[in-house]
Amino acid sequence: MQGITGTRPQGTSWRRISGSLTAISVDAAGVWGVNGNDHIYHRRGTYTNSHSVGSGWTGINGRLKSINSGKGIVWGANKSHTVYWARVNQNPRRVNWHAVSGKKMKQISVNGNDGSVWAINRQGYVYFRRGV
């Protein structure tokens with residue numbers, strides 16, 4: 001990205017991108033976000049190219065309140081705090097969401113290097129997902 005270097009990791013300025021989101025995540029799986037109506041979006045042209053601003057947003061099936069991507073997998077939680085994950089490819093339009101049984105979570109974070117998953121439940125307790 002222009003302005004971001006090894007000696008200036010904070011970059012030089014912000015650039016406004018079209019769209020309005022309540023949550024956003026970026027990794028090799030691209031830029032993913034959700035809006036205030038829990039609609040899911042992927043930024044075209046950002047899969048394996050997170051330094052690109054892409055060329056627009058593609059609506060994705062499903063509804064999530066929070067979203068996070070890492071290692072080619074997108075995780076999120078819906079308004080009922082059910083956790084979902086999906087493998088994605090470079091041109092996602094429709095993804096196959098898989099519900100994760102067990103705990104209800106309100107926020108998910110995925111490590112882009114090793115795919116480990118952390119989460120916070122409604123009470124604020126922190127959890128680590130084993131076996132990922």
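Refer to the structure printed above.
Note that the structure is a prediction, hence the values are computed from the model and not measured.

Novice: When you look at the overall build of the protein chain in this model, what are you seeing that I'm missing?
Specialist: Within the protein chain, the secondary structure is distributed over zero helices and 11 strands. In the protein chain, the succession of α and β elements from N to C terminus is β-β-β-β-β-β-β-β-β-β-β. On C-alpha atoms alone, the protein chain measures out to a radius of gyration of 15 Å, which is about the 14 Å that the 2.2 N^0.38 rule sets for 132 residues. In terms of overall dimensions, the protein chain has a C-alpha envelope of 45 × 30 × 25 Å along the principal axes. Burial analysis of the protein chain (132 residues in total) assigns 38% to the buried set. The long-range share in the protein chain, meaning contacts at least 24 apart out of those at least 6 apart in sequence, stands at 38%. Carbon and sulfur atoms make up 47% of the accessible area of the protein chain, which totals about 8,400 Å².

Novice: What am I meant to see in the pairing of strand β3 (residues 39-43) here?
Specialist: Regular strands place their side chains on alternate faces of the sheet. The pairing of strand β2 (residues 30-34) with β3 spans three bridges and is classified as antiparallel. Looking at β3, one finds that G33 is bridged to Y41. In this sheet, strand β4 (residues 57-63) lies alongside β3 in antiparallel orientation, the contact comprising five bridges. Across the sheet, the residue bridging to Y41 is G59, located in β4.

Novice: What should I look at first to understand unusual backbone geometry in this one?
Specialist: Trans is the prevailing form of peptide bonds, just as negative phi is the prevailing case for residues other than glycine. Although it is not a glycine, D38 sits at a positive phi angle of roughly 70°. The backbone of T48 shows a phi angle near 55°, a positive value even though the residue is not glycine. The residue T48 is located in the loop between β3 and β4 in this model.

Novice: What's the story with the environment of N68 in this structure? I'm lost.
Specialist: The topology assignment puts N68 in strand β5 (residues 66-70). Expressed as a C-alpha distance, the spacing of N68 and N111, which sit 43 residues apart in the sequence, is 9.2 Å. Excluding residues within four positions of it along the chain, N68 makes contact with S25, I73, V74, W75, I108, S109 and V110. Among the polar contacts listed, one links the side chain of N68 to the backbone nitrogen of V110, at a separation of 2.8 Å.

Novice: Help me understand the pattern of salt bridges, please; the structure alone is not making it clear to me.
Specialist: Close approach of charged atoms lets side chains of opposite charge pair. Enumeration over the complete set of coordinates arrives at one salt bridge. Note that K65 and D38 form a salt bridge whose closest N and O atoms lie 3.2 Å from each other. Of this pair, K65 sits in the loop between β4 and β5 while D38 sits in the loop between β2 and β3, and the two are 27 residues apart along the sequence. Taking the relative accessible area as the measure of exposure, D38 reaches 10% and is therefore buried.

Novice: What is the right way to look at the pairing of strand β1 (residues 23-27) in this model?
Specialist: Burial along β1 is one-sided: A23, S25 and D27 are buried, and none of I24 and V26, which face the opposite way, are. In this structure, β1 lies alongside β2, joined through five bridges in antiparallel fashion. Directly across from S25, in β2, lies its bridge partner W32. Linking β1 to β2, which pair antiparallel, is a turn of two residues.

Quick notes on the rules
Residues numbered from 1 in each chain as written. Predicted model: local features only at pLDDT ≥ 70, side-chain atom pairs only at ≥ 80, totals over all residues. Heavy atoms only, no water. Helix = DSSP H or I, 4+ residues; strand = E, 2+ residues; numbered from the N terminus. Rg over C-alpha atoms; globule rule 2.2 N^0.38 Å. Buried < 20%, exposed > 50% of the residue type's maximum accessible area, 1.4 Å probe, protein only. Contact = heavy atoms within 4.5 Å. Areas by Shrake-Rupley, 256 points an atom, 1.4 Å probe, with all protein chains shown as cover. Pairing = 2+ DSSP bridges. Polar contact = N/O pair within 3.5 Å; in protein donor to acceptor, adjacent residues only side chain to side chain. Salt bridge = Lys/Arg side-chain N within 4 Å of Asp/Glu carboxyl O.

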